[in-house]
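# Observations on chain architecture
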Amino acid sequence: MIAVLLWLSVSNASAQGLKDALGESFLVGAALSVEQTTGHDSLVTATITQHFNCIVAENCMKPEALQPQEGQFKWRKADRFVKFGEEHGMTVIGHVLVWHAQTPDWFFKDSVGNTASKELLTQRMRTHIHTVVGRYKGRIKGWDVVNEAFEDDGSYRQSQWYQILGPEYIELAYRFAHEADPAAELYYNDFSMSVPAKREAVCRLVRQLKEKGLRVDAIGMQSHNGLTWPSNEDYEASIEAYAALGCQVMITELDMNVLPNPESFSGAEVSLSFDYSEKMDPYKNGLPADVEQRINERWIEFFDLYKRHSHQISRVTLWGVSDAQSWMNDWPITGRTAYPLLFDRHYQPKPVVDDIMKLFKK
Ligand code: G3I
C-alpha cells in the first residue's frame, strides 16, 4: 500500500500542487515537524515540495528548543529546518521569538530563583533575539516576533514577560529583532483575531509600534478555525482592519477544529486541557459523509475569502501537512482522531484540495 502511495506521489511530484494554483495570489505554506525535514520519508518530502513554497517550524525554533538553558543554544534541528527550505527553494519563516508558552522558566528567574529584574530579563530577551535572528540573518524572510500578547477580550495577557517588563516588552522585542536583521520582515501573530475586542487591541498596538518607528510588516491571523467560527463577517472585517494599518495580512496557522469540545470556546489557548471520552472522539473510525461535506464547504468558504482578499493577504500557511501530525489530535483533549488539515494520515490530498485549486484557476 505504502509503495503504491509512494509511487503515486513521486510520479506526481512534477504534477501541479497548491503552490502552483494559489502561488500567484500568496505564499502557500505549511508548518513542519522536526521529522518532516529529515528527508527520511520520500512520500512526505514529495508531498511537501509538490504543494508548498513556504515553511515554518512547528516547534524547533521556539525558545525552549533553541535555548533550553541560559547560554546553551541547540541549533541542529533548526539548522536542518532552514537548510531543508533553502534546498527546496522555499521561503522560510521564523516562529517564534517572544511567547508565553514553550519558553523555559530560567528566562524569568535570577541566579537564586527570585523573579528576574527588568534589566536581567531585558538583557536575556536581547541576547536570545540577537543570537537567533543573527544566526539566520538573510535566510529567513520574516519572524513571528511576539506571539499571543492579548486575551480575547483585548486585555494584555498577564505573561511573565508582561508582569516583569510591562507592555514595553513588546516594543523591545521588535527593536531587538530589527537590530539583528534589518532586512527581515517582522510580524505580530495571534489567534482569535476575528474577535472584535482583540482586533481593536491588536490594531491599537500596531499603530503604537509604528508611531514609535518600529517595523511591523504583517499581522498573523493564526486561524485555528472551526466549522462555525469565526463568522465570515468577523473574519473579513479583521482582514480589512489589519490591512488598513498598512500591514500585510498573513493566515499563519490555518487548520480546522471539527471535533466536539467539552465547552464552547474558540481559538488556540494551549493551556486548555480536558479528559478524554468516547463522546468527545466521535470520528476515530472515519468521518461521516455529511460531516466531510460540511468540512469541505468550510474550506471553500475560507479559500474563497482569501482569494477575494489576495491583494491584502501575502501568505496562507497550514499548521501542518497531514492530519496525522496535527496538534489537534491532542488538544484540548489528548488521544483523539482529528481531521484539521488538507492531507490525510497517508499524506494523500483530500478531495477538497482539487476543489481549492480549481477555485483559483477560474
Ligand atoms: O519535546 C517534547 C518531547 O521531548 C517529549 O517526549 C514529548 C512528549 O511529552 O513532548 C515534546 O514536547 C511537545 C512539543 O509540542 C514538541 O513536540 C509538547 O508536549 C507539546 O505540548 C507541544 O505542542 C505544540 C504546542 O504549540 C505547544 O504549545 C504543538 O506541537 C504546536 O503545533 C503548537 O503550536 C502553537 C503555535 O506555536 C502558536 N500558536 C498556537 C499553536 C497551537 O498551540
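Residues numbered from 1 in each chain as written. Predicted model: local features only at pLDDT ≥ 70, side-chain atom pairs only at ≥ 80, totals over all residues. Heavy atoms only, no water.

Within the chain one finds 12 helices and nine strands. Compactness check: the chain gives a C-alpha radius of gyration of 20 Å against a globular reference of 21 Å for 362 residues, within 12% of the reference. Along the longest, intermediate and shortest principal axes, the C-alpha atoms of the chain span 55 × 45 × 40 Å. Buried residues in the chain amount to 55% of all 362 residues. For the chain, the share of sequence-separated contacts (at least 6 apart) that also reach a separation of at least 24 residues comes to 78%. As displayed, the chain offers around 14700 Å² of accessible surface, 50% of which is attributable to carbon and sulfur atoms. (Helix = DSSP H or I, 4+ residues; strand = E, 2+ residues; numbered from the N terminus. Rg over C-alpha atoms; globule rule 2.2 N^0.38 Å. Buried < 20%, exposed > 50% of the residue type's maximum accessible area, 1.4 Å probe, protein only. Contact = heavy atoms within 4.5 Å. Areas by Shrake-Rupley, 256 points an atom, 1.4 Å probe, with all protein chains shown as cover.)

Between helix H10 (residues 232–243) and helix H11 (residues 289–308), whose axes approach to 11 Å, the crossing angle comes to 25°. By the angle class used here, H10 and H11 are roughly parallel. Handedness of the H10/H11 crossing: right-handed. Facing Asn-232, Tyr-235, Glu-236 and Ile-239 of H10, the residues of H11 in contact are Arg-298, Glu-301, Phe-302, Leu-305, Tyr-306 and Arg-308. Grouping the amino acids of the contact of H10 with H11 by side-chain chemistry returns five nonpolar, one polar and four charged. (Axes fitted to C-alpha atoms, helices over the stretch in contact; angles between N-to-C directions. Parallel < 35°, antiparallel > 145°, perpendicular 65-115°, else oblique. Left-handed = near helix turned anticlockwise from the far one by under 90°. Nonpolar A, V, L, I, M, F, W, Y, C, P; charged D, E, K, R; others polar.)

On to the site of the ligand, then. Around the ligand, the surrounding shell holds 14 residues, and the nearest of these are Glu-58, Lys-62, His-95, Glu-253 and Val-270. Interatomic distance of 2.6 Å between a side-chain N/O atom of Glu-58 and an oxygen atom of the ligand. A distance of 2.6 Å separates an oxygen atom of the ligand from a polar atom in the side chain of Lys-62. In the complex, 51% of the free accessible area of the ligand, which totals 800 Å², lies under the protein chains. A per-class count over the shell around the ligand returns four nonpolar, six polar and four charged. (Near = heavy atom within 4 Å. Polar contact = N/O pair within 3.5 Å; in protein donor to acceptor, adjacent residues only side chain to side chain.)

In this section: the packing of aromatic side chains. With the rule as written, the count across this model stands at 17 aromatic pairs. Ring geometry for Phe-26 versus Phe-360: centroids 5.7 Å apart, planes at 75°, classification edge-to-face. Of this pair, Phe-26 sits in the loop between helix H2 (18–22) and strand E1 (27–32) while Phe-360 sits in helix H12 (residues 351–361); the two residues are 334 residues apart in sequence, bridging distant segments of the chain. The class of Phe-360 is buried, set by a relative accessible area of 10%. Ring centres 5.3 Å apart and planes at 75° place the aromatic pair Phe-303 and Tyr-306 in the edge-to-face group. (Phe/Tyr/Trp six-rings, centres within 6.5 Å; stacked < 30°, edge-to-face > 60°.)

Below, the discussion takes up the packing of helix H6 (residues 118–135) against helix H8 (residues 168–180). Where H6 contacts H8, the two axes come as close as 9 Å, and the packing angle between them is 35°. Pair H6 / H8 crosses with right-handed handedness. Across the interface between the two elements, Thr-122, Met-125, Arg-126, Ile-129, His-130, Val-133 and Gly-134 from H6 touch Tyr-169, Leu-172, Ala-173, Phe-176, Ala-177, Glu-179 and Ala-180 from H8. Here the residues of the contact of H6 with H8 are counted per class, giving nine nonpolar, three polar and two charged.

By the definition in use, this model includes 21 salt bridges. The partner of Glu-87 in a salt bridge is Lys-83, and the shortest N-O contact between them spans 2.7 Å. Taken together, the residues span about one helical turn, with Glu-87 and Lys-83 both in helix H5 (residues 76–87) at a distance of four residues. Using a relative accessible area of 53% as the deciding quantity, one classes Glu-87 as exposed. Residue Lys-83 is classed as partly exposed on the basis of its relative accessible area of 46%. Among the salt bridges present, the one from Asp-323 reaches Arg-345, with a minimum N-O distance of 3.9 Å. Within this pair, whereas Asp-323 is found in the loop between strand E9 (313–318) and H12, its partner Arg-345 is found in the loop between E9 and H12, the two being separated by 22 residues in sequence. Salt bridges linked by common partners bring Arg-294, Glu-297, Arg-298 and Glu-301 together as one network. (Salt bridge = Lys/Arg side-chain N within 4 Å of Asp/Glu carboxyl O.)

Counting residues in each nonpolar core, the largest one holds 116 residues, and the members touching the most others are Met-61, Trp-299 and Phe-303. Counting residues per element, this core draws most heavily on H8, at eight residues. Setting aside residues no more than four positions away along its own chain, Phe-303 makes contact with Leu-22, Leu-254, Val-316, Leu-342, Ile-356, Leu-359 and Phe-360. (Core = buried A, V, L, I, M, F, W, Y, C linked by side-chain atoms within 4.5 Å.)

So, on to the state of the cysteines. Inspection of every chain in the model, using the stated rule, returns zero disulfides. The cysteine Cys-203 is free of any disulfide, with Cys-247 supplying the nearest cysteine sulfur at 8.6 Å. For Cys-247, a relative accessible area of 7% puts it in the buried group. (Disulfide = S-S within 2.5 Å.)

Turning our eyes to something else, we now look at the side chain of Asp-217. Structurally, Asp-217 is set in the loop between helix H9 (196–211) and strand E6 (218–221). According to the relative accessible area criterion, Asp-217 is buried, its value standing at 16%. With sequence-adjacent residues up to four places away left out, Asp-217 is seen in contact with Ala-184, Glu-185, Leu-186, Tyr-187, Cys-247 and Gln-248.

Turning next to the side chain of Thr-103. With respect to the helices and strands, Thr-103 occurs in the loop between strand E3 (91–98) and H6. Of the polar contacts made by the side chain of Thr-103, one reaches the backbone oxygen of Trp-99; its length is 2.8 Å. Beyond its immediate sequence surroundings of up to four residues, Thr-103 is in contact with Pro-63, Glu-64, Phe-108 and Trp-161.

Honestly, that's just the spatial picture; any functional story needs more than this.
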